[in-house]
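Chain and residue survey
What follows is each chain in one-letter form.
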Amino acid sequence: MSLLESREDHAEQTPDRSITEGDGAASAFVSAAPRLLSIGLRVLQDAGEAEDVVQETWLRWARADRSVVVSPPAFLALTTTRLALNVAQSARRRRETSAGPWLPETADLSAGPETAAERREAVDTAIRLLLERLRPAERAVYLLRTAFDYPYRQISETLHLGEDHARQLLRRAREHVTTERRRQVSAIAHRRLVRTFVAAARSGDLAGLEQVLAADLAR
């Protein structure tokens, strides 16, 4: 049984009408599933782990307060990205038994007030880690490609980079994101990127994020 079929069967069998086809939750997930699997594969390079991540994304989506989600595709892509990064980081830890901050499990920014502060802290930690471990060009390509599924041509146009160079930067970023190296992080730059990232995740409008990432490359 395929991943899409299993998600559809689960949606038909569940007694909770909040996660049935009736409110579009299952259909939104099924439509996004190929992209989510692609994200998982790019991060993890393992089909089984990628499918596990996509399945966990479905569970997070089923439990989420979808009434406040502006862009379901963006929500699902961000959740998948964070889960996959967490799996990659966990694997690295098991191999090297080294200490360091974990990436957050999800970029679910639609949680209720009781967990809003916790979610924001998770995003803060993830952005700080990317600022510490990746150079501006690596970080920009990594976020646009992995979190938002930008094609290389669009990345090239947005960041004024060659497509081949963008591919090389993504490969480097995937290697560097799981290392333990640290760079000094500006509090102002950290707050700016967190604020812009959260706004993009909530609204689906990525123009502001593109501008911030491009400006970092020019510094």
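Above this text is the structure in question.
Now for a quick tour of the structure. (Residues numbered from 1 in each chain as written. Predicted model: local features only at pLDDT ≥ 70, side-chain atom pairs only at ≥ 80, totals over all residues. Heavy atoms only, no water.)

**Remarks on the overall build of the protein**
Counting secondary structure elements, the protein contains ten helices and zero strands. Each helix (α) and strand (β) of the protein, taken in turn from the N terminus, gives the series α-α-α-α-α-α-α-α-α-α. Burial analysis of the protein (219 residues in total) assigns 49% to the buried set. In the protein, of all internal contacts separated by at least 6 residues, the share reaching a separation of at least 24 is 67%. Here the protein displays about 10700 Å² of accessible surface, and carbon together with sulfur accounts for 49% of that area. (Helix = DSSP H or I, 4+ residues; strand = E, 2+ residues; numbered from the N terminus. Buried < 20%, exposed > 50% of the residue type's maximum accessible area, 1.4 Å probe, protein only. Contact = heavy atoms within 4.5 Å. Areas by Shrake-Rupley, 256 points an atom, 1.4 Å probe, with all protein chains shown as cover.)

**Observations concerning the packing of aromatic side chains**
What describes a pair of aromatic rings is the distance from one ring centre to the other and the angle between the planes of the rings. Throughout the structure, instances matching the rule amount to two aromatic pairs. Residues Phe29 and Trp58 carry aromatic rings whose centres are separated by 5.1 Å and whose planes lie at 65° to one another, so their mutual orientation is edge-to-face. Highlighted residues: Phe29 in helix H2 (residues 25-44) and Trp58 in helix H3 (residues 47-63), separated in sequence by 29 residues. The pair Phe29 / Trp58 is uniform in exposure class, with both members buried. Between Trp61 and Phe75, the ring centres sit 5.3 Å apart and the planes meet at 50°, which makes this aromatic pair tilted. One end of the pair, Trp61, is in helix H3; the other, Phe75, is in helix H4 (residues 72-96), with 14 residues separating them in the sequence. The exposure class assigned to Trp61 is buried, which follows from its relative accessible area of 2%. (Phe/Tyr/Trp six-rings, centres within 6.5 Å; stacked < 30°, edge-to-face > 60°.)

**Section: helix H9 (residues 187-203)**
A rise of 1.5 Å per residue sets the reference length of H9, with its 17 residues, at 24 Å; its end C-alpha atoms lie 24 Å apart and thus fit the reference within 8%. Within the span of H9, buried status applies to His190, Leu193, Val194, Thr196, Phe197, Val198, Ala200 and Ala201. Measuring from the backbone nitrogen of Ile188 back to the side-chain oxygen at the start of H9 gives 3.3 Å, which picks out Ser186 as the cap. Following H9 by one or two positions, Gly204 adopts a phi angle in the positive range, close to 80°. (Expected span 1.5 Å × (residues − 1). Polar contact = N/O pair within 3.5 Å; in protein donor to acceptor, adjacent residues only side chain to side chain.)

**Focus: the environment of Asn86**
Looking at the element boundaries, Asn86 is found in helix H4. Look at Asn86 and you get buried, because its relative accessible area is 11%. Distance from Asn86 to Val53, taken between C-alpha atoms, is 9.8 Å for residues 33 residues apart in sequence.

**So, the packing of helix H6 (residues 136-147) against helix H7 (residues 152-159)**
For the pair H6 and H7, interaxial distance at closest approach is 10 Å and the crossing angle is 140°. Accordingly, the angle class assigned to the pair H6 and H7 is oblique. In the packing of H6 onto H7, the handedness of the crossing is right-handed. Mapping the contact onto sequence places Ala140, Val141, Leu144 and Arg145 in H6 and Tyr152, Ile155, Thr158 and Leu159 in H7. (Axes fitted to C-alpha atoms, helices over the stretch in contact; angles between N-to-C directions. Parallel < 35°, antiparallel > 145°, perpendicular 65-115°, else oblique. Left-handed = near helix turned anticlockwise from the far one by under 90°.)

**Comments concerning the nonpolar core**
Ranked by size, the top nonpolar core spans 43 residues in total, and within it Val141, Tyr142, Phe148, Ile155, Leu159 and Leu213 carry the most contacts. Among the elements of the structure, H2, H4, helix H5 (113-133), H6, H7, helix H8 (163-176), H9 and helix H10 (207-218) are those that each provide at least two residues to this core. Among the elements that make up this core, the one with the highest residue count is H6 (seven residues). For Leu159, the contacting residues outside a window of four places in its chain are Ala140, Val141, Leu144, Leu213, Ala214 and Leu217. Core analysis: the next-biggest nonpolar cluster, separate from the first, contains 16 residues, Leu36, Val54, Trp58 and Ala77 among them. (Core = buried A, V, L, I, M, F, W, Y, C linked by side-chain atoms within 4.5 Å.)

**Examining the side chain of Thr80**
Within the element layout of this structure, Thr80 appears in helix H4. When sequence neighbours within four positions are dropped, the list of residues in contact with Thr80 reads Leu36, Ile39, Gly40, Val53 and Thr57.

**Side note on the packing of H7 against H10**
Look at H7 against H10: their axes get within 9 Å of each other, and the N-to-C directions meet at 60°. In contact with Gln154, Thr158 and Leu159 of H7, H10 contributes Glu210, Leu213, Ala214 and Leu217. Taken together, the residues that form the contact of H7 with H10 break down as four nonpolar, two polar and one charged. (Nonpolar A, V, L, I, M, F, W, Y, C, P; charged D, E, K, R; others polar.)

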